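Coordinate analysis (summary)
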Amino acid sequence: MPKLNNRWEVPLLVVTAGLGFAAVQMLFASVQYMNGISRAAQNNVVYEVMTTAPELARLQATVARFFLPDSDVTRDDIALRFAIVQNRMKILRTQESRALRGDNAEASELLDRMKVAVEQAKPKIEALQTPQDAAALIDIFDPLNRQASQLSALTTANAANRIATNERRLTCTFWLLLGEILGLLACGVLLISLLRRERRKANRAASVDSLTGLPNRLAFNRALADAFSKASLPGDLAVLMFDLDMFKHVNDTLGHAAGDRLLVSVAERLKPLLHDGRIFARLSGDEFAIIFHKPDARSVALGIASTIQTAFAQPFDTGGTMVAVSASVGVAVPGPEDRQPEDLMKNADLALYAVKGAQRGDIRLYEPAMKQAYLSRQTLSQDLRNALANDELLLNFQPVVNLADGSTRGFEALLRWKHPQRGFISPAEFIPIAEESGLILPIGRWALFKACAVAAQWPETISIGVNLSPQQFMDSELVGIVEDALSRHGIRPDRLTLEITETTLIQNDQSVVTTLNVLRKIGIKTALDDFGTGFASLSYLTRFPFDSIKIDQSFVRGSTAQNNNELIIRSICELAGKLGLQVIAEGIETAEQLALTRSAGCEVGQGYFFDKPMDEVQCATRLSLEQLQASRLHGDATTVDTLRA
Ligand code: C2E
Ligand code: CA
Ligand code: CA
């Protein structure tokens, strides 16, 4: 049998329709043939034609016997016999009789002659008086005997012929019909198998991820529901969810084709490791999930999670470029309160979220506290919606100082949220929530305007730093908003420093460079915040046009005479100096750390050693005091007097 595929569908349908049409035609034809046979077989007409000759003979005999002595034949008998003969003549001329005998010239001639003879005989019968009249009458009918017999022979032969022909045709039609039926059956079988095949293919396509060939979300959900209903003990079931850390970065820097290739490589590497009774699926993007049903699922799941991480230890091929990525894994086993399969998925998702929030590339087992944290994040997110309108947000400012003398160069604006019930909430807690919910855009805008409003009260030499989230930085309205804030409060653009973290760079490479250049053209300064914590390498400094970098506090705080953090800070300062970048050391808490950062080459810094973030009144006092000290130093009596006043 040929391999069935879609190309066969149309020809098969055409053949089936053709066969069906022909079968109907043949049915009609066979009905006609059957009618032909039954008509020919009806012996009425044939019988009447066949008995014409004997009826003629009987008429002649009756006429002959009429004049015999003691004859019992009456004139009525003769009249009756003649009437029968006349009737036969009529039958011979009917359509049916003609059809039966065949419409040939010989038969027509015979009939015409018979008609003439009968018409001649009619007056003679009425005028029958003498035996001579009877003899003359008999003579008229004599030649008709032969003619009638000939007609009868013609008719019976023709009728037999007709039956035979129709029978032959019927047999033929029967075989053809049989062929058609077999053909129809074959087409039907082929069409049904084509249909089933297509349905199987469609089902498969609906449940397979076309990129990796793994089961997709639909198939996974089905397997989950199935496993959930079968799990006798809740501890027999586990779901693992994992995704690739920094997958977006791969997509953005190497292109989507490389991203796709990476996903395929991941699937190919893991498939052989995850076959044993487990469903390994790709849910979406870089999100994968595994489900299995085994005793002591929790420890098996943790085993699988570390197998996955081991598999990620080697770089993956992305079609030419080898890329090292890690995977974050969330694991969940059903607890007593998890009644629906979706609960288990949510838990695995929460565990995965917890990994992302703590340390990427790690494994976390779901615990109820995660749900609590999730719920409180939800509540906080709701509260944050009203925080702006309710004036619950405020800014604090941390001095950025010259490390040589501690004098203020500027301030970094830091958000604070005074929650009506919970009191002050750290930005480390609410900024991620604002980012998730998109609230960071209005909040960030507010912070920018507020920071400019406060900075407008300071001397022109004092700068103001404002933190920007990646979302804000990617907002097409950013430049307009910043310009608006500066002009509204009369701040020179070069007094404003926008701080962005490495995550912003990693998420969007090219557009970041474009925006940075636009800001630079306006005269606004930019700083790379938290340098050294993420993935940014020193090469980033040459690619992105920043004005300063802020070395993350973890380097400063962790730096001792024993470790090589000082060396790292020194290298950064040297490179930055060559590139014309200013270096700001963050998180200086002790005199030792100050000495270390200074000796490493940092000229500017901030940290609790100098001051904690303060409100705008404290800022003003600090600046005034500094001005006072400076005036004292320079013996500027007027300024001292003014400030005192
Ligand atoms: P960041 O930009 O790195 O800000 C510095 C953080 O370190 C501030 O924490 C500051 O109070 C703290 N800090 C400064 N000196 C020291 C020190 O000597 N020791 C220690 N332990 N900490 C020090 P804060 O105010 O809690 O802010 C945390 C983070 O929240 C900020 O980190 C920044 O990423 C974010 N953030 C704050 N305000 C905003 C904002 O207006 N917009 C955006 N997008 N993010 C903000
Ligand atoms: Ca900052
Ligand atoms: Ca920082």
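Definitions and limits used
Residues numbered from 1 in each chain as written. Chains lettered and ligands numbered in written order. Predicted model: local features only at pLDDT ≥ 70, side-chain atom pairs only at ≥ 80, totals over all residues. Heavy atoms only, no water. Pairing = 2+ DSSP bridges. Helix = DSSP H or I, 4+ residues; strand = E, 2+ residues; numbered from the N terminus. Donors = N, O, S within 2.8 Å, 3.2 Å for Na, K, Ca; no water. Domains from an automatic or database assignment. Core = buried A, V, L, I, M, F, W, Y, C linked by side-chain atoms within 4.5 Å. Buried < 20%, exposed > 50% of the residue type's maximum accessible area, 1.4 Å probe, protein only. Phe/Tyr/Trp six-rings, centres within 6.5 Å; stacked < 30°, edge-to-face > 60°. Lys NZ or Arg CZ within 6 Å of the ring centre and 35° of its normal. Salt bridge = Lys/Arg side-chain N within 4 Å of Asp/Glu carboxyl O.

Across 4 bridges, the pairing between strand E9 (residues 408–419) and strand E11 (residues 463–467) is parallel. Paired with glutamate 412 across the bridge in E11 is glycine 465. As paired elements, E11 and strand E12 (residues 496–501) share 4 bridges and run parallel to each other. Looking at E12, one finds that asparagine 467 is bridged to glutamate 499.

Turning to the coordination of the calcium ion (ligand 2), a few remarks are in order. Donor atoms from the polypeptide that coordinate the calcium ion (ligand 2) comprise Glu412 (OE), Asn467 (OD1), Glu499 (OE) and Asp529 (OD), at 2.1 to 2.3 Å from the metal. Written as a sequence motif, the donor arrangement for the calcium ion (ligand 2) is E-x54-N-x31-E-x29-D. A separation of 3.9 Å is found between the calcium ion (ligand 2) and the calcium ion (ligand 3), which share aspartate 529 as a coordinating residue. One end of the pair, glutamate 499, is in strand E12; the other, aspartate 529, is in strand E13 (residues 525–531), and 30 residues separate them in sequence.

Our next topic: the domain arrangement of the chain. Along its sequence, the chain is organised into domain 1 (9–190), domain 2 (217–366) and domain 3 (387–632). One C-alpha centre belongs to domain 1, the other to domain 2, and the line joining them spans 92 Å.

Within the secondary structure layout, alanine 186 lies in helix H7 (residues 131–207). Sequence separation between alanine 186 and asparagine 251 is 65 residues; the distance between their C-alpha atoms is 52 Å.

What follows concerns the nonpolar core. Here is a general trend for soluble globular proteins: nonpolar side chains tend to be buried in one another's company. Counting 74 residues, the largest nonpolar core has Leu384, Phe397, Trp458, Ile464, Leu496 and Leu498 as its most contacted members. The greatest single-element share of this core, amounting to 9 residues, is contributed by helix H15 (residues 440–455). With 32 residues, the next largest nonpolar core counts Val49, Leu56, Leu92 and Ala117 among its residues.

The description of two aromatic rings rests on the distance between their centres and on the angle between their planes. Per the counting criterion, the structure on display carries 13 aromatic pairs. Here phenylalanine 242 and phenylalanine 288 contribute two aromatic rings whose centre-to-centre distance is 5.3 Å and whose plane-to-plane angle is 15°, an arrangement assigned as stacked. Here the residue phenylalanine 242 occupies a position in strand E1 (residues 237–244), and phenylalanine 288 occupies one in strand E3 (residues 287–293), the gap between them amounting to 46 residues. The class of phenylalanine 242 is buried, set by a relative accessible area of 0%. Both rings, one in phenylalanine 242 and one in phenylalanine 312, keep their centres 6.2 Å apart while their planes meet at 80°; by these two values the pair is edge-to-face. Of this pair, phenylalanine 242 sits in strand E1 while phenylalanine 312 sits in the loop between helix H11 (297–311) and strand E4 (316–317); the two residues are 70 residues apart in sequence, bridging distant segments of the chain. Neither phenylalanine 242 nor phenylalanine 312 differs from the other in exposure class; each is buried. Members of the aromatic cluster, connected to one another through ring pairs, are Phe242, Phe280, Phe288, Phe312 and Phe316. The positively charged end of arginine 269 is found above the aromatic ring belonging to phenylalanine 316, 3.9 Å away from the centroid. Positioned above the aromatic ring of tyrosine 608 is the side chain of lysine 612, whose terminal nitrogen or guanidinium carbon lies 4.6 Å from the ring centre.

Time to look at the pattern of salt bridges. On inspection of all chains with the given rule, the structure shows 25 salt bridges. The residue arginine 261 makes a salt bridge to glutamate 268 at a minimum N-O spacing of 3.9 Å. Accessibility expressed as a relative area gives 32% for arginine 261, which makes it partly exposed. Ionic contacts of the salt-bridge type, sharing partners, join the residues Glu412, Glu499, Lys550 and Glu586 into one network.

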